[in-house]
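Listed here are the chains, written in short residue letters.
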Amino acid sequence: MVRMLNRLIEPTSGQIFVDGEEITKMSKEQLIQLRREKMSMVFQSFALMPHLTVLQNVAFGLEMAGADRNSREARALQALKQVGLEAWAQSLPEELSGGMQQRVGLARGLATDPDVLLMDEAFSALDPLIRTEMQDELLKLQANQKRTIVFISHDLDEAMRIGDRIAIMEGGRVVQVGTPEEILQNPADDYVRAFFRGVDPTNILTAGDIAVDNQVTIVIVDGKSPRAALQRLIKNDRGYGYVVDSNRTFKGIVSTDSLREVIERPESEQTIPNAYLEGVQPASVNDFMQDILPEITKHPWPLPVLDDDGKYLGAISKNLFLRTLHRSESRQ
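Just so you know, these numbers come straight off a predicted model, no measurement behind them. (Residues numbered from 1 in each chain as written. Predicted model: local features only at pLDDT ≥ 70, side-chain atom pairs only at ≥ 80, totals over all residues. Heavy atoms only, no water.)

To continue, consider the pairing of strand β9 (residues 240-244). β9 sits mainly inside the fold: four of its five residues count as buried. Where β9 hands over to strand β10 (residues 250-255), the hairpin turn is made up of five residues, of which R248 adopts a positive phi near 70°. (Buried < 20%, exposed > 50% of the residue type's maximum accessible area, 1.4 Å probe, protein only. Helix = DSSP H or I, 4+ residues; strand = E, 2+ residues; numbered from the N terminus. Pairing = 2+ DSSP bridges.)

Here it is as structure tokens:
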């Protein structure tokens with residue numbers, strides 16, 4: 001299927017669009033231009049030419065595109081730097097380990113600065129440790145240079161680790177498409193359910209996936225006093241309140257006990273910030289369940305979850321955490 005995306009194999013039906021252009025209707029010349037400028041491929045086999053240096057291998061696609069020597073070598077060296085191999089530019093492929101050779105293959109794919117990178121089981125020939133390192137490398141590159149990557153893999157752990165969206169296929173048929181979290185929590189059928197059996201949801205689901213905004217929030221505004229906050233908690237039968245400003249930026253957690261203690265102080269000290277509980281460590285929206293478990297078990301209050309800007313999104317209680325685990329296990 002991945003070879004149909006760049007028409008190395010001609011599709012018998014269907015359409016493929018890149019930037020609004022239909023690839024299936026392109027002429028041979030247009031297709032060659034697309035492959036040179038917008039698409040690149042990283043193969044399962046390293047496919048390096050043994051008689052060329054690492055730098056020449058990386059620059060090969062640029063040479064075929066007609067780039068002059070100085071510009072193609074400069075771009076190839078930059079691509080090697082991205083994968084940490086600039087010091088090996090003048091080496092021959094046989095002088096490199098398997099993982100390093102695969103990084104050269106990745107650098108060759110990156111050298112043309114493609115909009116779409118096709119990776120055909122690119123890491124499956126590597127041993128587990130090097131494979132994990134290459135996955136880390138790919139994630140770092142993607143974080144710095146957002147691009148479309150189509151990654152083919154038969155390894156579910158690999159797909160869950162690096163995929164933003166996953167398409168699960170059976171016998172040439174797409175069974176389900178979605179984020180790892182969506183597929184784990186709502187498998188389309190028994191095939192998908194069996195595919196995910198044994199997967200640890202705490203390595204996949206994040207705090208942002210399970211947090212709910214059902215706790216009492218207290219907005220700090222002029223005139224908001226500890227007494228009013230206490231009355232709100234009592235009215236809603238809650239032991240804890242989550243304090244935010246008018247932009248929902250998280251400030252702290254108060255409890256009925258901490259508010260009562262502040263109310264007993266001199267009037268000048270009767271402020272909500274004086275009632276904040278100590279030891280509150282909010283979770284980030286991107287923290288995995290396994291990472292937040294210690295904070296959930298350490299304190300009696302539900303764990304607040306913040307977005308990247310520090311805004312309050314919701315909280316995760318012990319019961320919610322356990323219910324999420326139970327639902328995931330039941331679906332498997």
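With that settled, consider the packing of aromatic side chains. Considering all chains together, one arrives at four aromatic pairs under this definition. With a centroid separation of 6.2 Å and 70° between ring planes, the pair formed by Y240 and W301 is classed as edge-to-face. Here the residue Y240 occupies a position in strand β9, and W301 occupies one in the loop between α13 (289-298) and β12 (303-306), the gap between them amounting to 61 residues. Residue W301 is classed as buried on the basis of its relative accessible area, which comes to 9%. (Phe/Tyr/Trp six-rings, centres within 6.5 Å; stacked < 30°, edge-to-face > 60°.)

Our next topic: the domain arrangement of the chain. On domain assignment, one finds that the chain holds domain 1 (1-164) and domain 2 (208-327). Computed over C-alpha atoms only, the centres of domain 1 and domain 2 are separated by 47 Å. (Domains from an automatic or database assignment.)

Reading across the sheet, the three strands line up as β3-β4-β5 and stay open at both edges, with parallel pairing between neighbours. Sheet topology places β3 (39-42) and β5 (148-152) at the edges, where each strand pairs with a single neighbour. Within this sheet the neighbouring strands show an average axis-to-axis angle of 15°, counted without direction. The pairing of β3 with strand β4 (residues 116-120) spans four bridges and is parallel. Residue V42 lies in a different strand from β4, and its bridge partner there is M119. (Axes fitted to C-alpha atoms, helices over the stretch in contact; angles between N-to-C directions.)

This next bit is on the side chain of H299. Here H299 is to be found in the loop between α13 and β12. In terms of polar contacts, H299 uses its side chain to reach the backbone carbonyl oxygen of G279, at 3.3 Å. Once residues within four sequence positions are removed from consideration, H299 is found in contact with G279 and K318. (Polar contact = N/O pair within 3.5 Å; in protein donor to acceptor, adjacent residues only side chain to side chain. Contact = heavy atoms within 4.5 Å.)

This brings us to the pairing of strand β13 (residues 312-316). For β13, the buried fraction is high: four of the five residues fall into the buried class. Counting the residues between successive antiparallel strands, the hairpin from β12 to β13 contains five residues, one of them, G310, with a positive phi of roughly 80°.

Our next topic: the packing of helix α3 (residues 54-64) against helix α4 (residues 69-82). Put simply, α3 and α4 touch, their axes get as near as 8 Å, and they point 120° apart. By the criterion of interaxial angle, the relationship of α3 to α4 is oblique. Crossing geometry of α3 relative to α4 is assigned as right-handed. Mapping the contact onto sequence places V54, L55, V58, A59, L62 and E63 in α3 and R72, E73, R75, A76, L77, A79 and L80 in α4. Of the residues assigned to the contact of α3 with α4, the class counts are nine nonpolar, no polar and four charged. (Parallel < 35°, antiparallel > 145°, perpendicular 65-115°, else oblique. Left-handed = near helix turned anticlockwise from the far one by under 90°. Nonpolar A, V, L, I, M, F, W, Y, C, P; charged D, E, K, R; others polar.)

What follows deals with the environment of S284. Topologically, S284 is positioned in strand β11 (residues 283-284). Measuring from C-alpha to C-alpha, the distance between S284 and G20 comes to 36 Å, with 264 residues separating the pair along the chain. Apart from the residues within four sequence positions on either side, S284 is in contact with A207, V305, L306 and D308.

Here the focus is the environment of G241. Considering the arrangement of structural elements, one finds G241 in strand β9. For the pair G241 and V2, spaced 239 residues apart in the sequence, the C-alpha separation amounts to 51 Å. Residues within four places of G241 in sequence aside, it is in contact with V216, I218, L233, G252, I253 and V254.

With that out of the way, let us pick up the packing of α3 against helix α5 (residues 98-111). The relative placement of two packed helices is expressed as an angle between their axes plus a distance between the axes. The geometry of α3 relative to α5 is characterised by a closest axis approach of 8 Å and an angle of 35° between their N-to-C directions. Considering the relative orientation of α3 and α5, their crossing is right-handed. Seen from α3, the contacting residues are V54, N57, V58 and L62; seen from α5, they are V104, A107, R108 and A111. Split into classes, the residues belonging to the contact of α3 with α5 amount to six nonpolar, one polar and one charged.

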